[in-house]
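# Geometric and topological summary
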Amino acid sequence: MIAVTPSPAERIRLAERLDGVAPLLLVADLDELRRLISASPRLGPEPAAGAPTGRPTADEDDTLLIDSARSTARSRGREIGLTRLEHDLLACLTTEPIRAWSYAELHHSVWRDEGRERKADVQSLVKRLRRKLHELGTGVAIDVVRGVGFRLTDHQQPKVSGS
């Protein structure tokens, strides 16, 4: 999982919450991420120019990148703009991606108001965000947890425990 946020406090919070859940890379901006990717070591000899490498490029990768500074999401070389509410919902769900979030928790996290726990607000926002994630072609989805709320799931990269 890769998280892009200019806030050092947000990076620390994400690192604490996602510790041990999945491999995590935290960067301040997309330029830093590009520098890290281009500096990654290559195994074996360099392929000939134009030859397929067998590795997906950054534009072909299924990884969902969230740029908080620009309020965008990117995957497979495509980028979509996010409203503040969509960004806040996606950011909330990614802090603990295997956790089922209740409607009340999501409403409080996104709208930041106490006691208004309106399911319809959350459902409408999830519907719009699902459509945008589908447009990106990423394996990340927002799944319903019956009787609870929602959870972020990466259908392309199943998590296997105990290995």
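Provided above is the structure to which this section pertains.
Residues numbered from 1 in each chain as written. Predicted model: local features only at pLDDT ≥ 70, side-chain atom pairs only at ≥ 80, totals over all residues. Heavy atoms only, no water.

The next subject is the overall build of the chain. Of the regular secondary structure elements, the chain holds five helices and eight strands. Listing every helix and strand of the chain by position from the N terminus yields β-α-β-α-β-β-β-α-β-α-α-β-β. Buried positions account for 33% of the 163 residues belonging to the chain. Across the chain, every contact between residues at least 6 apart in sequence was considered, and the portion connecting residues at least 24 apart equals 47%. As presented, the chain carries roughly 10000 Å² of accessible surface, and 52% of it is formed by carbon and sulfur atoms. (Helix = DSSP H or I, 4+ residues; strand = E, 2+ residues; numbered from the N terminus. Buried < 20%, exposed > 50% of the residue type's maximum accessible area, 1.4 Å probe, protein only. Contact = heavy atoms within 4.5 Å. Areas by Shrake-Rupley, 256 points an atom, 1.4 Å probe, with all protein chains shown as cover.)

In this structure, Glu135 sits in helix α5 (residues 119–136). Along the chain, Glu135 and Glu79 lie 56 residues apart, while their C-alpha atoms are 9.3 Å from each other.

The next subject is the sheet that holds strand β7 (residues 140–145). Here we have three strands laid out as an open sheet, ordered β6-β8-β7, and antiparallel in their pairing. Strands at the two margins of the open sheet, each flanked by one partner only, are β6 (101–102) and β7. Two elements, β6 and strand β8 (residues 149–154), share two bridges in a ladder whose sense is antiparallel. Across the sheet, residue Ser102 finds its bridge partner in β8, namely Gly149. Most of the contacts of helix α3 (residues 84–95) go to β8, to which it runs at about 75°, and overall it touches β6, β7 and β8. Across the sheet, α5 is in contact with β7 and β8; its angle to β7 comes to roughly 150°. (Pairing = 2+ DSSP bridges. Axes fitted to C-alpha atoms, helices over the stretch in contact; angles between N-to-C directions.)

This part covers the pairing of β7. With six bridges joining them, β7 and β8 adopt antiparallel strand pairing. The residue of β8 that forms the bridge with Asp143 is Arg151. Counting the residues between successive antiparallel strands, the hairpin from β7 to β8 contains three residues, one of them, Gly147, with a positive phi of roughly 80°.

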